[in-house]
Amino acid sequence: MKEFIEANQQPMLELIENLVNIDSGSYLKSGIDRAGEVLAEEYKMIGFETEVHEQESLGNNLVIYHPEAEAPEIVLIAHLDTVFPEGTAEKRPFHVADDLAHGPGVIDMKASHATALFAIKALMDSGSSAYKNVVLILNTDEEIGSIASRSLIEKVVADKKYALVLEPAQNGQLVSERKGGGKYFLKVYGKSAHAGIEPENGASAIEEMARKILKLHALSEPDRGITVNVGLIKGGTSVNTIAPFAEAGIDLRIETSEDGERLDRGIKEICSYTETPGTAVELTGHITRPAWVLTDAARTLIDVIAEEGAKLGITLSHEKSGGGSDANLTAHIGIPSIDGLGPVGGNAHQETEYLVVSSLTERTLLLANVIKRLSAK
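Scope of this entry: the structure provided in the associated data block. The structure presented is a predicted model; accordingly, all values stated were derived computationally and were not measured.

Reading the values: the criteria
Residues numbered from 1 in each chain as written. Predicted model: local features only at pLDDT ≥ 70, side-chain atom pairs only at ≥ 80, totals over all residues. Heavy atoms only, no water. Phe/Tyr/Trp six-rings, centres within 6.5 Å; stacked < 30°, edge-to-face > 60°. Helix = DSSP H or I, 4+ residues; strand = E, 2+ residues; numbered from the N terminus. Buried < 20%, exposed > 50% of the residue type's maximum accessible area, 1.4 Å probe, protein only. Lys NZ or Arg CZ within 6 Å of the ring centre and 35° of its normal. Pairing = 2+ DSSP bridges. Contact = heavy atoms within 4.5 Å. Axes fitted to C-alpha atoms, helices over the stretch in contact; angles between N-to-C directions. Salt bridge = Lys/Arg side-chain N within 4 Å of Asp/Glu carboxyl O. Core = buried A, V, L, I, M, F, W, Y, C linked by side-chain atoms within 4.5 Å. Parallel < 35°, antiparallel > 145°, perpendicular 65-115°, else oblique. Left-handed = near helix turned anticlockwise from the far one by under 90°. Nonpolar A, V, L, I, M, F, W, Y, C, P; charged D, E, K, R; others polar.

What follows deals with the packing of aromatic side chains. On inspection of all chains with the given rule, the structure shows three aromatic pairs. Where Phe48 meets Tyr131, the ring centres are 6.3 Å apart and the plane angle is 50°; that geometry is what we call tilted. Taken together, the positions of Phe48 in the loop between helix H3 (29-44) and strand S1 (49-53) and Tyr131 in the loop between helix H5 (106-126) and strand S6 (134-139) put the pair 83 residues apart, joining distant regions of the chain. In this structure, Phe48 and Tyr131 share a single accessibility class: buried. Centroid distance Tyr189 to Phe245: 5.4 Å. Interplanar angle 50°. Geometry classified as tilted. Here Tyr189 is found in strand S9 (residues 180-189), whereas its partner Phe245 is found in strand S11 (residues 245-254), with 56 residues between them in sequence. Its relative accessible area of 33% is what places Tyr189 among the partly exposed residues. Arg92 extends its terminal NZ or CZ atom over the ring of Phe84, reaching a point 4.8 Å from the ring centre.

Right, let's get into unusual backbone geometry. The residue after Asp108, namely Met109, is reached through a cis peptide bond having omega -5°. At Asp98, a residue that is not glycine, the phi angle is positive and equals roughly 60°. In this structure, Asp98 sits in the loop between strand S4 (95-97) and strand S5 (100-102). On the basis of relative accessible area, Asp98 is assigned to the exposed category, the value being 81%. Backbone geometry places Asn347, a non-glycine residue, at a positive phi of 60°. On the basis of relative accessibility, which here comes to 33%, the residue Asn347 falls in the partly exposed class.

Right, let's get into the sheet that holds strand S3 (residues 74-79). On the basis of which strands lie adjacent, the open sheet formed by six strands has the order S1-S2-S6-S3-S7-S14 and mixed pairing. Pairing within the sheet leaves two strands with one partner each, and these edge strands are S1 and strand S14 (337-338). Together, S3 and S6 form the strand contacts of H5, whose direction differs from that of S3 by roughly 145°.

Turning our attention to the pattern of salt bridges. A complete count under the given rule lists 23 salt bridges for this structure. Salt-bridge contacts for Lys183 lead to Asp251; the nearest nitrogen and oxygen are separated by 3.0 Å. A residue pair is termed long-range when its members are at least 10 positions apart, and Lys183 in strand S9 and Asp251 in strand S11 qualify at 68 residues. Among the ionic pairs, Arg262 bridges to Glu221, the shortest N-O distance being 3.1 Å. Pair noted here: Arg262 is in helix H8 (residues 257-270) and Glu221 is in the loop between helix H7 (205-217) and strand S10 (227-235), with a separation of 41 residues, a long-range link. We classify Arg262 as partly exposed; its relative accessible area is 34%. Given a relative accessible area of 25%, Glu221 falls into the partly exposed group. Look at the salt bridges and you will find they share partners, linking Glu221, Arg224, Asp259 and Arg262 into a network.

A general feature of soluble globular proteins is that nonpolar side chains tend to end up buried together. If you look at the biggest cluster of nonpolar residues, it comprises 60 residues, and the most contacted ones within it are Ile16, Tyr43, Leu76 and Leu164. Contributing elements (two or more residues each) for this core: helix H2 (9-20), H3, strand S2 (61-65), S3, H5, S6, helix H9 (296-311) and helix H11 (359-375). Tallying contributions element by element places H5 first for this core, with 11 residues. What Leu164 contacts, discounting residues up to four positions off in sequence, is Ile74, Val75, Leu76, Ile77, Leu301, Ile338, Leu341, Leu367, Val370 and Leu374. Listed in part, the 20 residues of the second largest apolar core include Ile226, Val230, Leu252 and Leu263.

Here the focus is the environment of Ala69. Relative to the assigned elements, Ala69 resides in the loop between S2 and S3. Considered as a pair, Ala69 and Ile153 are 84 residues apart in the sequence and their alpha carbons are 18 Å apart.

At a minimum axis separation of 10 Å, H9 and H11 run at an interaxial angle of 130°. In terms of their interaxial angle, H9 and H11 are classed as oblique. Note on packing geometry: the crossing formed by H9 with H11 is right-handed. Facing H9, whose interface residues are Leu301, Val304, Ile305, Glu307, Glu308, Gly309 and Lys311, H11 presents Leu366, Asn369, Val370, Arg373 and Leu374. For the contact of H9 with H11, a count of residues per class yields six nonpolar, two polar and four charged.

Below, the structure written as structure tokens:
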């Protein structure tokens, strides 16, 4: 398989270039669906079938499998969405400089789609039937918490033995645990008035929001890995008007499910009343990803992957990440899960995001070998 994968590095890069140059931010349905269609066609050409799970406003989720598969045991998960707004691909399209490839979403996680496809192609080329033991989920809202795709992921994964999540490798290593998290959205309604002539007739939504932000941030316990962060805020109509409206986006990160339940109650309690006369509040949101804690079954899976890595001269360890992924969801329902199986790169979500090109063949071969090993009867 090594020779096949090495011979196909350029086609892999061409596929990544095609995907990177399609804007596919989480709310850009047309772009996400176009990227999904590109990949569905690639899998069709090697005999795989695609179930399209249509969504009205978000991109369509895809489940891909071989028609001859009988009770496949392995799920590969790779998301199609990025964090970048429309027009980013035109401003800074895919390009390669030395051993680094750049472009929006190149490492998080468009390169992973190439490694998944070519790992399966390599298995087919080698004569192994392990490719029939795989189901792929390409979901479209991971960057915003997988809220719409969670039920699909849990349904597909429920009877599987392993979940391999193709987020990029952190420092070249596997990810075995992740913090849990939640997303909340707070709206404050007030009353407008002229700030100079009759401020007493207004009720400032911004003032009430400011009070809420201080209380929300005070819930954080950094020493225990708990953070509450108001990362987005907007409101008001003009500088000389008492603000009639304000809204904010709140991010929660937790280490355990128990912490999640407690912080969820704390956030809802803070947002259940107002202190600024004449204002009202509305809170939506919830825990979107349960905390992922390493289990003995996952340790066994890690050992298998590390052994396959060692055969290729790759020393693999595993670590915990503060960010969430779809592995939080698969692990939560008891499926042995591992993350960080994508290629090596860094600076995700930034203009300087990069893929280490030389890691493509290495990580594709590792993935193919792991699938083959886990499929051995």
